[in-house]
Number of protein chains: 2
Amino acid sequence: MRDVVVIGIGQTPVEEHWEKSLRHLAHDAIMPAMVDAGIETADALYVGNMLSGQVSGQEHLGALIADFVGLRGIEAIKIEAACGSGGAALRTGYLAVASGVHDVVLVCGVEKMTDAIGGMVTNALATAADQEYEVSQGISFVGLNALLMRRYMYEYGVPHKAFAGFTINAHRNAANNPYAMFRSPISEAAYLKAGMIADPINLMDSSPVCDGAACLVLAPADLYKAPAKARILASAVATDSLAVHDRRDPLFLEAAALSSQRAYAQARVMSSGIHLFELHDAFSIMAALSLEASGFAARGAGVRMAADGEIGIDGRIPISTLGGLKARGHPVGATGIYQVLEVVQQLTGQAGASQVQGATIGMAQNIGGSGATVVTHILGAV
Amino acid sequence: MRDVVVIGIGQTPVEEHWEKSLRHLAHDAIMPAMVDAGIETADALYVGNMLSGQVSGQEHLGALIADFVGLRGIEAIKIEAACGSGGAALRTGYLAVASGVHDVVLVCGVEKMTDAIGGMVTNALATAADQEYEVSQGISFVGLNALLMRRYMYEYGVPHKAFAGFTINAHRNAANNPYAMFRSPISEAAYLKAGMIADPINLMDSSPVCDGAACLVLAPADLYKAPAKARILASAVATDSLAVHDRRDPLFLEAAALSSQRAYAQARVMSSGIHLFELHDAFSIMAALSLEASGFAARGAGVRMAADGEIGIDGRIPISTLGGLKARGHPVGATGIYQVLEVVQQLTGQAGASQVQGATIGMAQNIGGSGATVVTHILGAV
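Small disclaimer: the values here were computed from a predicted structure and weren't measured. (Residues numbered from 1 in each chain as written. Chains lettered and ligands numbered in written order. Predicted model: local features only at pLDDT ≥ 70, side-chain atom pairs only at ≥ 80, totals over all residues. Heavy atoms only, no water.)

**Let's talk about the overall build of chain A**
Item 1. A tally of regular secondary structure across chain A gives 13 helices and eleven strands.
Item 2. A compact globule built from 382 residues should have a C-alpha radius of gyration of about 21 Å, and chain A, at 19 Å, falls within 12% of that.
Item 3. Dimensions of chain A, computed from the C-alpha atoms along their principal axes, are close to 55 × 45 × 40 Å.
Item 4. Across the 382 residues of chain A, 69% fall into the buried class.
Item 5. As presented, chain A carries roughly 11,600 Å² of accessible surface, and 52% of it is formed by carbon and sulfur atoms. (Helix = DSSP H or I, 4+ residues; strand = E, 2+ residues; numbered from the N terminus. Rg over C-alpha atoms; globule rule 2.2 N^0.38 Å. Buried < 20%, exposed > 50% of the residue type's maximum accessible area, 1.4 Å probe, protein only. Areas by Shrake-Rupley, 256 points an atom, 1.4 Å probe, with all protein chains shown as cover.)

**Here's the deal with the side chain of B:Asn202**
All names here are of chain B.
Item 1. Mapped onto the elements, Asn-202 comes out in strand β6 (residues 201-202).
Item 2. Within the local environment of Asn-202, its side chain forms a polar contact with the backbone oxygen of Tyr-191, the two atoms lying 3.0 Å apart.
Item 3. If sequence neighbours within four positions are ignored, Asn-202 has contacts with His-160, Tyr-191, Ala-194, Gly-195, Met-196 and Ile-197. (Polar contact = N/O pair within 3.5 Å; in protein donor to acceptor, adjacent residues only side chain to side chain. Contact = heavy atoms within 4.5 Å.)

**Quick notes on the side chain of A:Glu278**
Item 1. Looking at the element boundaries, A:Glu278 is found in strand β9 (residues 276-278).
Item 2. Leaving out residues up to four positions away in the same chain, A:Glu278 has contacts with A:Ser320, A:Thr321, A:Leu322, A:Gln339, A:Glu342, A:Val343, A:Met363, A:Ala364 and A:Gln365.

**So, the pattern of salt bridges**
Item 1. Counted under the stated rule, the structure contains 36 salt bridges over all chains.
Item 2. One salt bridge in this structure joins A:Asp249 and A:Arg299, with 2.6 Å as the shortest N-O distance. Here A:Arg299 lies in the loop between α10 (284-293) and α11 (302-308) and A:Asp249 lies in the loop between β8 (230-239) and α9 (254-267), a separation of 50 residues in the sequence.
Item 3. Judged by its relative accessible area of 25%, A:Asp249 falls in the partly exposed class.
Item 4. Note that B:Glu155 and B:Arg151 form a salt bridge whose closest N and O atoms lie 3.2 Å from each other. Separated by four residues within a single helix, B:Glu155 and B:Arg151 lie in helix α6 (residues 141-156), roughly one turn from each other.
Item 5. Residue classification places B:Glu155 among the partly exposed positions, given a relative accessible area of 41%.
Item 6. For B:Arg151, a relative accessible area of 44% gives the class partly exposed.
Item 7. Connected through salt bridges with shared partners, the residues A:Asp67, A:Arg72, B:Asp240 and B:Arg247 form a single ionic network. (Salt bridge = Lys/Arg side-chain N within 4 Å of Asp/Glu carboxyl O.)

**Quick look at the interface of chain A and chain B**
Item 1. Facing the 63 residues of chain A at the interface are 63 residues of chain B.
Item 2. Our enumeration of links across chain A and chain B arrives at eight salt bridges.
Item 3. A salt bridge links B:Arg23 to A:Asp130, with the shortest nitrogen-to-oxygen separation between them at 2.6 Å.
Item 4. Of all the secondary-structure elements, those providing two or more residues to the side of chain A that touches chain B are α2 (52-55), α3 (61-68), β3 (75-80), α4 (85-98), β8 and α9 of chain A.
Item 5. Of all the elements, α4(A) adds the most residues to the side of chain A that touches chain B, at seven residues.

**Looking at helix α13 (residues 332-347) of chain B**
All names here are of chain B.
Item 1. In this model, α13 (16 residues) spans 24 Å end to end at C-alpha, consistent with the 22 Å of a helix rising 1.5 Å per residue.
Item 2. Of all 16 residues in α13, 16 are buried, a share of seventy percent or more.
Item 3. Gly-349 occupies a position one or two residues after α13 and carries a positive phi of about 70 degrees. (Expected span 1.5 Å × (residues − 1).)

**Concerning unusual backbone geometry**
Residues and elements named next belong to chain A.
Item 1. The peptide bond linking Asp-199 to Pro-200 adopts the cis configuration, its omega dihedral lying at 10 degrees.
Item 2. Tracing the backbone shows Pro-200 in the loop between β5 (196-198) and β6 (201-202).
Item 3. The backbone of Ser-370 sits at a positive phi, close to 55 degrees, despite the residue not being glycine.
Item 4. Inspection of the secondary structure assignment puts Ser-370 in the loop between β10 (361-368) and β11 (373-381).

**Let's talk about the environment of B:Lys229**
All names here are of chain B.
Item 1. Note on placement: Lys-229 falls in the loop between β7 (211-220) and β8 (230-239).
Item 2. The spacing of Lys-229 and Thr-335 is 106 residues in sequence and 20 Å in space, taken between C-alpha atoms.
Item 3. Apart from residues lying up to four places away in sequence, Lys-229 is in contact with Val-6, Ile-7, Gly-8, Ile-9, Asp-36, Val-344, Thr-348 and Val-382.
Item 4. Of note is the side chain of Lys-229, whose polar atom sits 3.3 Å from the side chain of Asp-36.

**Comments concerning the packing of aromatic side chains**
All names here are of chain A.
Item 1. Inspection of the entire model under this criterion finds eight aromatic pairs over all chains.
Item 2. Linked through ring pairs, Tyr-152, Tyr-156 and Phe-163 together constitute an aromatic cluster.
Item 3. Lying across the ring of Phe-68, Arg-23 places its NZ or CZ 5.9 Å from the centre. (Phe/Tyr/Trp six-rings, centres within 6.5 Å; stacked < 30°, edge-to-face > 60°. Lys NZ or Arg CZ within 6 Å of the ring centre and 35° of its normal.)

**Let's talk about the pairing of strand β1 (residues 4-11) of chain A**
All names here are of chain A.
Item 1. Of all eight residues in β1, eight are buried, a share of seventy percent or more.
Item 2. Where β1 meets β8, three bridges bridge the pair, whose relative direction is antiparallel. The partner of Val-6 across the bridge, within β8, is Ala-230.
Item 3. Note that β1 and strand β7 (residues 211-220) share seven bridges and pair antiparallel. Residue pairing across strands places Gln-11 opposite Ala-214, the latter belonging to β7. (Pairing = 2+ DSSP bridges.)

**Overview of α4(A)**
Item 1. Given a rise of 1.5 Å per residue, 14 residues ought to cover 20 Å, and the 20 Å separating the end C-alpha atoms of α4(A) matches this to within 8%.
Item 2. Counted residue by residue, α4(A) has 14 buried out of 14 residues, so it is predominantly covered.

**Points about the relation of the copies chain A and chain B**
Two chain copies, one operation linking them: a rotation about an axis together with a shift along it.
Item 1. For the pair chain A and chain B, the superposition axis carries a translation of 0.0 Å, the fit reaches an RMSD of 0.0 Å, and the rotation angle comes to 180 degrees. Taken together, these values place the two copies in the relation of a two-fold axis. The C-alpha atom lying nearest the rotation axis in chain A is that of A:Ser99; the distance is 1.7 Å.
Item 2. Same-surface contact between copies: 100% of interface residues of chain A are shared with the interface of chain B. (Least-squares fit on C-alpha atoms with pLDDT ≥ 70 in both.)

**Considerations on the environment of B:Gly157**
All names here are of chain B.
Item 1. On the secondary structure map, Gly-157 appears in the loop between α6 and α7 (164-174).
Item 2. For Gly-157, a relative accessible area of 62% translates into the label exposed.
Item 3. For the pair Gly-157 and Ser-206, spaced 49 residues apart in the sequence, the C-alpha separation amounts to 21 Å.

**Let's talk about the environment of A:Thr376**
Residues and elements named next belong to chain A.
Item 1. Examined against the element boundaries, Thr-376 turns out to sit in strand β11.
Item 2. Remark: the alpha-carbon pair of Thr-376 and Ala-364, spanning twelve residues in sequence, is separated by 5.7 Å.
Item 3. Discounting chain neighbours no more than four positions away, the residues touching Thr-376 are Ala-234, Ser-235, Ala-236, Ser-259, Ser-260, Ala-263, Met-363, Ala-364 and Gln-365.
Item 4. Polar side-chain contacts of Thr-376 include one of 3.2 Å to the side chain of Gln-365.

**Some words on the nonpolar core**
Item 1. In this structure, A:Leu216, A:Leu218, A:Leu379, B:Leu216, B:Leu218 and B:Leu379 are the most contacted members of the largest nonpolar core, which totals 84 residues.
Item 2. In contact with B:Leu218, other than residues within four places in its own chain, are B:Val4, B:Val5, B:Val6, B:Leu90, B:Gly93, B:Tyr94, B:Val97, B:Asp103, B:Val104, B:Val105, B:Val107 and B:Ile232.
Item 3. Counting 75 residues, the second-largest nonpolar core is a separate cluster that includes A:Leu51, A:Val55, A:Phe141 and A:Ala306. (Core = buried A, V, L, I, M, F, W, Y, C linked by side-chain atoms within 4.5 Å.)

**Observations concerning the confidence of the model for chain A**
Item 1. Per-residue pLDDT for chain A has a mean of 97; in total, 100% of the residues score no lower than 70.
Item 2. Predicted complex metrics record ipTM = 0.98 and pTM = 0.98. (pLDDT = per-residue confidence, 0-100.)

**Digging into the packing of α4(A) against helix α13 (residues 332-347) of chain A**
All names here are of chain A.
Item 1. Running from amino to carboxyl end, α4 crosses α13 at an angle of 65 degrees, the nearest separation of the two axes being 5 Å. Of the residues in α13, those in contact with Ser-85, Gly-86, Gly-87 and Leu-90 of α4 are Gly-333, Gly-336, Ile-337 and Val-340.
Item 2. The residue makeup of the contact of α4 with α13, split by class, is three nonpolar, five polar and no charged. (Axes fitted to C-alpha atoms, helices over the stretch in contact; angles between N-to-C directions. Nonpolar A, V, L, I, M, F, W, Y, C, P; charged D, E, K, R; others polar.)

Next comes the structure, spelled out in structure tokens:
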């Protein structure tokens, strides 16, 4: 098995890209990544995307995008694992390079959510959850997360405002990221007075509907020593029941625990050895649960990390360092690639005012379906 | 890179499974495959599926199915490449085993098309084609194939009835396959009087809307010598433009040529060394084009192979030996797995009255989007 490195990165700003279609968005991430890597072709393309069939009437993104970026003929496949699609696409690209089958692989996450009308995005996002057992009963995806947040507040005696720190941190960090959607810092007062979406999740607890694309170029370490930006030290996927009611304990993300344990074992580090953690803060409750499942906080203590400032750029474990899902934005199938791309930026000292000083090991964790699929990657500086 | 073998197979009958949901169908293919392989667990599951988001309101099939078959926790990801999704899922499973990352991998193709209402399946299948450039102009997927067939008939001066042999062969072979949807042999007269779908494609030129699931268990050759059923000699993916009008020549499937050439090189065989060929006869025109692009016939001569009987069980290159897409059925995301499973049946002498005598090398070719993604696998007897 070969060691895999990242040799190029590219991204579009996360925003409402009304003037660009799916293939244009992907193009605008892939082209700069190829220039960054100094390559003119690639052996394969793995595309992470969740919603294009439902929102844009377009499946089959692998061949579509390969052709549009001038790579007609190469192997190209779409990978889907709900909001974990980007991480799962990286996982597949990693397998292709590690196996020795391909030398230069593009991994692109792309999502276009804003072309949808009416409740289309709400319905499409709910396909990440169990349609027959849960969604058919009338619950939406944000509704499921609201139940988790309410339960967390009840079990641990936590008030809603205790979660404010996650959002404030994310917006503060996004202000330093030119590719982020929301670059205005927010106050606790603004958090508290935000409109309610699904009680207790308010507008400031939730990541936005948005468009974006991000791309990584992967290669084997032994062949591409010179341009390598970061090494992939671990790549791990774990799953849990889609139906939240079927889980042993809804407040413990077992797949996140399993996925990060597998990743720690592969990378031979412990959670204390991670210098920054790009976690899946699609909703602020998920930030707390991820910190707990991945070993950064005891159960029920994840939310306190927000209040205590441990998650800031200079804190014990910086999270959402370039805005996270909340403030960089969460174009669902692209998010897993943005996360890893931002870890690469941190490890190469390209994170600007959000730079975590001395960071040499970073972790990204991409989650699908409120914890049903969890993809964890650990990267190391070259 | 490790050699990969198939150690177990499982399938459901292809039919209208009104009483079973997606997860049940997948279960009914995975369980017999695991029993066949003599395993009680697996390291990972890759699911091939195209339509579940649009037709069943359910994405995220990896985790959903892993949980339902009692494998909660394992790596599980869905793979999509339109009608080539099954082949692409096998490709991904192959990478996972070849790389050394996983030892026992399940690859399951599953599709449930019959739950759809109205024109839903027609619209959903059209997401395999280029929405912005072609589908938005009003054409359906069968319409695109009808244009190809009409053009073929015009360019090569071929009458419609020349294609009858493909359908007659498929139905004759399906009669020997208890898992096939259509097990009644048909006559040329029946072919000629079949109702028109999209001129010149009639009902007997077209594969049916149906449900089904099929599963393969993969493992490394060095660890699982004893139960191995067949070796994977080649695994190759190639792509072309989704938009048929953008191709250099609509009547030559460049991706099929590229994919089979890559596969022949990996397996170190030529087309003349292939003993049977499970090709992608979603429409009879695709059978002719596949034979030509893969080196079994000169351009314009593919259709003559049907008339000449070269494609029968005892012919020069038997195709659709257990019914093909036309008569076994074409549950789109599952088809690529059914094809390879049937090659395994042939190589292990389990094809009953459809047995190709002495077959030791078989090829399966799964196509998405009228030739935009082509996945070719070559298998060898153990």
